[in-house]
Amino acid sequence: MRCPFCGFEDTKVVDSRAADGKKRRRRECTNCGKRFTTYESVEMPALLVLKKDNSVELFDKNKLIKSISTAVNKRPVSIEDINNIVECVESRYANSNQITSSEIGEIVLVSLKKIDQVSYVRFASVNKDFNDVESFIKIISELKNNDNE
Ligand SMILES: [Zn+2]
């Protein structure tokens with residue numbers, strides 16, 4: 001850490017404490033003896049998403065909220081429901097800093113299935129990359145079977 005007064009490279013930390021999630025450090029220049037304070041952010045580990053094509057991207061909370069919102073458009077699913085689903089995804093990061101995109105998809109699908117079946121089918125149609133009508137009919141007939149149980 002360079003001294004802001006004389007530009008000398010070597011400064012020492014004389015006091016260190018946490019403040020608002022940041023590290024507040026009181027430093028003293030070993031050249032001119034002047035003191036100054038620095039605030040250093042605590043680095044959060046990057047949350048990574050492993051995609052199907054083996055590429056990796058940073059977890060984008062807003063992107064996930066947007067894709068769920070699209071699926072639940074005009075359906076009885078509240079913003080609170082959406083936030084709960086996103087929290088559910090984030091909690092999967094507790095033990096590691098990466099998750100696959102299909103794991104994220106599954107968490108969203110399991111949650112939506114309980115809240116609103118139309119939103120569930122909509123999200124599945126985008127997330128599961130249906131290529132034909134049969135696979136779409138299959139997921140809907142699965143829902144029907146569950147209702148009869
Ligand atoms: Zn100095």
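Residues numbered from 1 in each chain as written. Predicted model: local features only at pLDDT ≥ 70, side-chain atom pairs only at ≥ 80, totals over all residues. Heavy atoms only, no water.

1. Notes on the overall build of the protein chain
Stage number 1. Regarding its fold elements, the protein chain presents five helices and six strands.
Stage number 2. Counting helices and strands in the order they occur from the N terminus, the protein chain gives β-β-β-β-β-α-α-β-α-α-α.
Stage number 3. Taken over the C-alpha trace, the protein chain has a radius of gyration of 24 Å; the compact-globule value for 149 residues is 15 Å, which it surpasses by more than 25%.
Stage number 4. Burial status across the protein chain gives 23% buried among its 149 residues.
Stage number 5. Put simply, 39% of the contacts in the protein chain that link residues at least 6 apart link residues at least 24 apart.
Stage number 6. When the accessible surface of the protein chain is totalled, it reaches about 10300 Å², and 49% of it is carbon and sulfur.
Stage number 7. Side chains of the protein chain carry 25 positive and 23 negative charges; the gap between the two charge centres is 7 Å. (Helix = DSSP H or I, 4+ residues; strand = E, 2+ residues; numbered from the N terminus. Rg over C-alpha atoms; globule rule 2.2 N^0.38 Å. Buried < 20%, exposed > 50% of the residue type's maximum accessible area, 1.4 Å probe, protein only. Contact = heavy atoms within 4.5 Å. Areas by Shrake-Rupley, 256 points an atom, 1.4 Å probe, with all protein chains shown as cover. Lys, Arg positive; Asp, Glu negative; His and termini not counted. Charge placed at Lys NZ, Arg CZ, Asp CG, Glu CD.)

2. What to know about the sheet that holds strand S3 (residues 35-41)
Stage number 1. Spatially, the three strands line up as an open sheet ordered S1-S2-S3, and their pairing is antiparallel. Both edges of this open sheet fall to strand S1 (11-19) and S3, since each of them pairs with a single strand only. The mean inter-strand angle of the sheet, taken between neighbouring strand axes irrespective of direction, is 25°.
Stage number 2. Where strand S2 (residues 22-29) meets S3, seven bridges bridge the pair, whose relative direction is antiparallel. Its bridge partner lying in S3, Arg 27 is registered against Phe 36. (Pairing = 2+ DSSP bridges. Axes fitted to C-alpha atoms, helices over the stretch in contact; angles between N-to-C directions.)

3. Overview of the sheet that holds strand S6 (residues 98-100)
Stage number 1. Pairing is mixed in the open sheet, where three strands are placed in the order S5-S4-S6. Looking at the sheet topology across the chains shown, the edges are occupied by strand S5 (56-58) and S6. Averaged over all pairs of adjacent strands, the angle between strand axes in this sheet comes to 30°, irrespective of strand direction.
Stage number 2. Bridge analysis of strand S4 (residues 48-50) against S5 gives three bridges, and the strand direction is antiparallel. Counterpart to Val 49 in the pairing with S5 is Glu 57.

4. What about the pattern of salt bridges?
Any two side chains of opposite charge can pair, so long as their charged atoms come close to each other.
Stage number 1. For the coordinates displayed, the defined rule picks out eight salt bridges.
Stage number 2. Salt-bridge contacts for Arg 2 lead to Glu 9; the nearest nitrogen and oxygen are separated by 2.7 Å.
Stage number 3. For Glu 9, a relative accessible area of 52% puts it in the exposed group.
Stage number 4. Across the pair Glu 28 and Arg 35 runs a salt bridge whose closest N-O atoms are separated by 2.8 Å.
Stage number 5. With relative accessibility at 17%, the residue Glu 28 sits in the buried group. (Salt bridge = Lys/Arg side-chain N within 4 Å of Asp/Glu carboxyl O.)

5. Some details on the coordination of the zinc ion
Stage number 1. Surrounding the zinc ion are the protein donor atoms Cys 3 (SG), Cys 6 (SG), Cys 29 (SG) and Cys 32 (SG), which sit 2.3 to 2.4 Å from the metal.
Stage number 2. Around the zinc ion, the four donor atoms are arranged such that angles at the metal cover 104 to 118°; this shape is classified as tetrahedral.
Stage number 3. All donor residues of the zinc ion come from one chain, and their arrangement in sequence is C-x2-C-x22-C-x2-C. (Donors = N, O, S within 2.8 Å, 3.2 Å for Na, K, Ca; no water. Tetrahedral: all angles 85-135°; square planar, octahedral: opposite > 155°, others 65-115°.)

6. Comments concerning the domain arrangement of the protein chain
Stage number 1. Domain parsing of the protein chain yields domain 1 (11-41) and domain 2 (48-148).
Stage number 2. The C-alpha-based centres of domain 1 and domain 2 are spaced at 45 Å. (Domains from an automatic or database assignment.)

7. So, the nonpolar core
Stage number 1. Counting residues in each nonpolar core, the largest one holds 24 residues, and the members touching the most others are Leu 64, Ile 68, Ile 104 and Val 108.
Stage number 2. Where this core is concerned, the elements lending two or more residues are helix H1 (61-71), helix H2 (79-91), helix H3 (101-115), helix H4 (117-127) and helix H5 (133-148).
Stage number 3. In terms of residues, this core owes the most to one element, H3, which gives five residues.
Stage number 4. Setting aside chain neighbours within four positions, we find Leu 64 in contact with Phe 59, Val 86, Val 89, Ile 104 and Val 108. (Core = buried A, V, L, I, M, F, W, Y, C linked by side-chain atoms within 4.5 Å.)

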